[in-house]
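One-letter residues, chain by chain:
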Amino acid sequence: MKYGLSGSFTAIEGKGDELAAILSEAANLMKTAKGCLIYVVGQQSDNKDVIHVFEVWDSKEDHDNSLSIEGVRELIWKAMPLIEGKPSGVEIDIAGG
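Computed from a prediction, not measured in an experiment: that's the story for all the values here.

Another aspect to go through is the overall build of the chain. Scanning the chain for helices and strands turns up three helices and four strands. Reading the helices (α) and strands (β) of the chain from amino to carboxyl end gives β-α-β-β-α-α-β. Across its three principal axes, the chain shows a C-alpha extent of roughly 40 × 30 × 20 Å. Classification of the 97 residues of the chain by burial places 36% in the buried group.

Set out below in C-alpha cells:
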C-alpha cells in the first residue's frame, strides 16, 4: 500500500505567494527523491494565504528519507517564519488511483 500525506498551511496575511513558492521549491527537490510519486502544492482558490500540499510515496520510509535531501531542511527553515499557527495534516493509506 502506498503512503500519502495531505497537509495545509496558513501563511501570515499576504505571504501566501511567498510560502507557495518555497513549498514549490521543495516539490522540485522531490522530483529526484526515491519513492516520491506525487508532490503537489496549491493555493486555496478563495484564500491564497492557505496552501495545500498533497504527497504520495511508495512508503513512509521513502518520505522520511526525503527530509535528508540536500536543501530540504533549508527550505523548511525558510518557510517556518511565514506560517501562521500550526499546520494541519493527515496521513493517508492510498487505496487506488
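Let us look at the nonpolar core. F9, L19, L23, M30, C36, Y39 and W57 are the most contacted members of the largest nonpolar core, which has 22 residues in total. The element best represented in this core is helix 1 (residues 16–30), accounting for seven residues. Not counting the four nearest positions on each side in its chain, M30 is found in contact with C36, Y39, W57, S66, I69 and V72.

Time to look at the sheet that holds strand 1 (residues 2–10). Taken together, the four strands give an open sheet; going across it, the order is 2-3-1-4, and neighbouring strands pair in antiparallel fashion. Two strands in the sheet have a free side with no partner beyond their single neighbour: strand 2 (36–44) and strand 4 (88–94). The mean angle between the axes of side-by-side strands here comes to 15 degrees, regardless of whether they run parallel or antiparallel. Relative to strand 3 (residues 47–57), strand 1 runs antiparallel, the two being bridged by eight bridges. By the bridge assignment for strand 3, S8 is matched with H52. Against the sheet, helix 1 makes contact with strand 1, strand 2 and strand 3, and its axis sits at roughly 170 degrees relative to strand 2, the strand it touches most.

For the rest of this paragraph, the subject is the environment of K78. Relative to the helices and strands, K78 resides in helix 3 (residues 72–79). For K78, a relative accessible area of 45% translates into the label partly exposed. Taking the C-alpha atoms as reference points, K78 and L19, separated by 59 residues in sequence, lie 8.9 Å from one another. Setting aside its immediate chain neighbours within four residues, K78 contacts I22 and E25.

Now for the pattern of salt bridges. The tally for this structure, following the rule as stated, stands at five salt bridges. A salt bridge links K2 to D58; the nearest nitrogen and oxygen atoms lie 2.9 Å apart. Here K2, found in strand 1, pairs with D58, found in the loop between strand 3 and helix 2 (60–66); they are 56 residues apart in sequence, far enough to count as distant. Exposure remark for D58: the relative accessible area of 33% places this residue in the partly exposed category. Measuring nitrogen to oxygen at the nearest pair gives 3.0 Å for the salt bridge that ties K34 to D62.

Basis of the calculations
- Residues numbered from 1 in each chain as written.
- Predicted model: local features only at pLDDT ≥ 70, side-chain atom pairs only at ≥ 80, totals over all residues.
- Heavy atoms only, no water.
- Helix = DSSP H or I, 4+ residues; strand = E, 2+ residues; numbered from the N terminus.
- Buried < 20%, exposed > 50% of the residue type's maximum accessible area, 1.4 Å probe, protein only.
- Core = buried A, V, L, I, M, F, W, Y, C linked by side-chain atoms within 4.5 Å.
- Contact = heavy atoms within 4.5 Å.
- Pairing = 2+ DSSP bridges.
- Axes fitted to C-alpha atoms, helices over the stretch in contact; angles between N-to-C directions.
- Salt bridge = Lys/Arg side-chain N within 4 Å of Asp/Glu carboxyl O.

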